[in-house]
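Each chain, written out:
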Amino acid sequence: MLSLVTAAEHQYRHDTWSRDRDQAILVAIRARHAALEDARAAQVAARPQPQPATWARPIGARLSTPEVCTTTACAVA
């Protein structure tokens, strides 16, 4: 009978240790996820927003003085 009680106590201690360890792991995972979400929110908040143009350029608008440009950026504009 004594060996049954001892075995039950050992099993209880093992189960308690395992449960506490699992809970500690889950708490660490939740804390890490919360920290990542906070970091993502800070990055989104810190990202500069593009400023709208002060006036819309009409389609087909040309510069008043012709400029020579050899880059593809000038050819597209």
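Residues numbered from 1 in each chain as written. Predicted model: local features only at pLDDT ≥ 70, side-chain atom pairs only at ≥ 80, totals over all residues. Heavy atoms only, no water.

## Structural notes on the overall build of the chain
Test applied: What counts as a helix is a DSSP run of H or I of at least four residues, what counts as a strand is a run of E of at least two, and both are numbered from the N terminus. In this description, accessible areas are obtained by the Shrake-Rupley approach with a 1.4 Å probe, and a residue is regarded as covered only by the protein chains that are shown.
Across its full length, the chain holds 2 helices and 0 strands. About 7,700 Å² of surface is accessible on the chain, with carbon and sulfur atoms providing 62% of the total.

## Brief notes about the pattern of salt bridges
As a reminder of what qualifies: Take a side-chain nitrogen of Lys or Arg and a carboxyl oxygen of Asp or Glu: if they are within 4 Å of each other, that pair is a salt bridge.
Across all of its chains, the model carries 1 salt bridge by this definition. Linking Glu 37 and Arg 40 is a salt bridge whose minimum nitrogen-to-oxygen distance equals 2.9 Å. With Glu 37 and Arg 40 both in helix 1 (residues 2–46) and 3 residues apart, this pair spans about one turn of that helix.

## Comments concerning a nonpolar patch on the surface
Heads up, the condition is: Note on patches: the residues involved have over 30% relative accessible area and no salt bridge, like charges join within 9 Å, and the nonpolar side chains Val, Leu, Ile, Met, Phe, Trp and Tyr join within 5 Å. Relative accessibility thresholds used throughout: buried, under 20% of the residue-type maximum; exposed, over 50%; partly exposed, between the two (1.4 Å probe, protein chains only).
A cluster of nonpolar side chains, Ile 25, Leu 26 and Ile 29, forms an exposed patch at the surface whose accessible area comes to about 240 Å². Within the secondary structure, Ile 25 sits in helix 1. Under the relative-accessibility criterion, Ile 25 is labelled partly exposed at 39%.

## Digging into the side chain of Thr 16
The condition is simple: Under this definition, polar contacts are N or O atom pairs within 3.5 Å; protein pairs additionally need one hydrogen-donor-capable and one acceptor-capable atom, and for neighbouring residues in sequence, both atoms have to be side-chain atoms.
As for its placement among the helices and strands, Thr 16 is situated in helix 1. Here Tyr 12 takes part through its backbone oxygen, which lies 2.8 Å from a polar atom of the side chain of Thr 16.

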